[in-house]
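# Structural overview
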Amino acid sequence: QRINRAKAMMQKHAALLGRVEQRFGVPKELVVAIWTMETDNGADMGKLPVVRTLATLAHDCRRTELFQKELLAALQIVQRGHLPLKDLLGAYAGEIGQTQFLPSSYIKYGVDFDGNGHVDLRRSVPDVLASTANLLKVNGWQPGQPFGMGTQNFEVMREWNRSEVYRRTLHYFA
């Protein structure tokens, strides 16, 4: 079912994916694999209030510093006008959008690819796909090179997700 949906998304967004791949050098198949694996192409982005979630996690003594930083980044997203507070909804650890960016990654790698002046990783498919590819590019993605296990690009994918099993799954899915 996921593969069929991913194939349909690749057809529906073929021109956009071509522009993303050309600009960032990340294969469209991998970008769609990430999009599909993270939220079923935006179908399940989470419904938890990000600020409340991150405030709770910032209070937890195990990773206080990490989540305090993410809480401040979430507030910057609102302050910059990228998303209104009412739309700052996400998953259990404060991840936002169709490919589940932590707020600091949203700010660092977010791309306004639809040209409306805001980075919207919840509703703008162009912003979602370009930002996803941008994260990999900025972290050293080598265009035109393989990305299977043992390659430099496989290690770059670690910036997306540290789990080797997850990265292998993305590779096979792509």
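Definitions and limits used
Residues numbered from 1 in each chain as written. Predicted model: local features only at pLDDT ≥ 70, side-chain atom pairs only at ≥ 80, totals over all residues. Heavy atoms only, no water. Salt bridge = Lys/Arg side-chain N within 4 Å of Asp/Glu carboxyl O. Helix = DSSP H or I, 4+ residues; strand = E, 2+ residues; numbered from the N terminus. Core = buried A, V, L, I, M, F, W, Y, C linked by side-chain atoms within 4.5 Å. Buried < 20%, exposed > 50% of the residue type's maximum accessible area, 1.4 Å probe, protein only. Contact = heavy atoms within 4.5 Å. Phe/Tyr/Trp six-rings, centres within 6.5 Å; stacked < 30°, edge-to-face > 60°.

### Some remarks on the pattern of salt bridges
Applying the stated criterion across every chain, the model contains nine salt bridges. Arg5 serves as the salt-bridge partner of Asp40, at 2.8 Å between the closest nitrogen and oxygen. Taken together, the residues span a long stretch of sequence, with Asp40 in the loop between helix H3 (28-39) and strand S1 (48-49) and Arg5 in helix H1 (residues 2-12) at a distance of 35 residues. For Asp87, the salt bridge identified is with Arg123, shortest N-O distance 2.3 Å. Separated by 36 residues along the polypeptide, Asp87 in the loop between helix H5 (64-79) and strand S2 (89-90) and Arg123 in the loop between helix H6 (103-109) and helix H7 (125-138) bring together distant segments of the chain. Each of Lys86, Asp87, Asp120 and Arg123 takes part in salt bridges that share partners, so that together they form one network.

### Observations regarding the nonpolar core
In this structure, Leu30, Leu129, Leu136 and Leu170 are the most contacted members of the largest nonpolar core, which totals 46 residues. Looking at this core, the elements that each hand over two or more residues are H1, helix H2 (14-24), H3, helix H4 (50-59), H5, H6, H7 and helix H9 (164-173). Discounting residues that sit within four places of it in the chain, Leu129 has contacts with Leu16, Leu17, Val20, Val31 and Trp35.

### Quick word on the packing of aromatic side chains
Evaluation of the coordinates by the stated rule reveals three aromatic pairs. Taken together, a centroid distance of 6.1 Å and an interplanar angle of 50 degrees make the contact between Phe24 and Phe113 tilted. One end of the pair, Phe24, is in helix H2; the other, Phe113, is in the loop between H6 and H7, and 89 residues separate them in sequence. Residue Phe113 is classed as buried on the basis of its relative accessible area, which comes to 18%. Seen in terms of ring centroids, Phe101 and Trp160 are 5.5 Å apart; in terms of plane orientation they differ by 80 degrees. Their pairing is edge-to-face. Taken together, the positions of Phe101 in the loop between S2 and H6 and Trp160 in the loop between helix H8 (152-156) and H9 put the pair 59 residues apart, joining distant regions of the chain. Per residue, the accessibility class of Phe101 equals that of Trp160, and both read buried.

In short, geometric facts, not functional conclusions.
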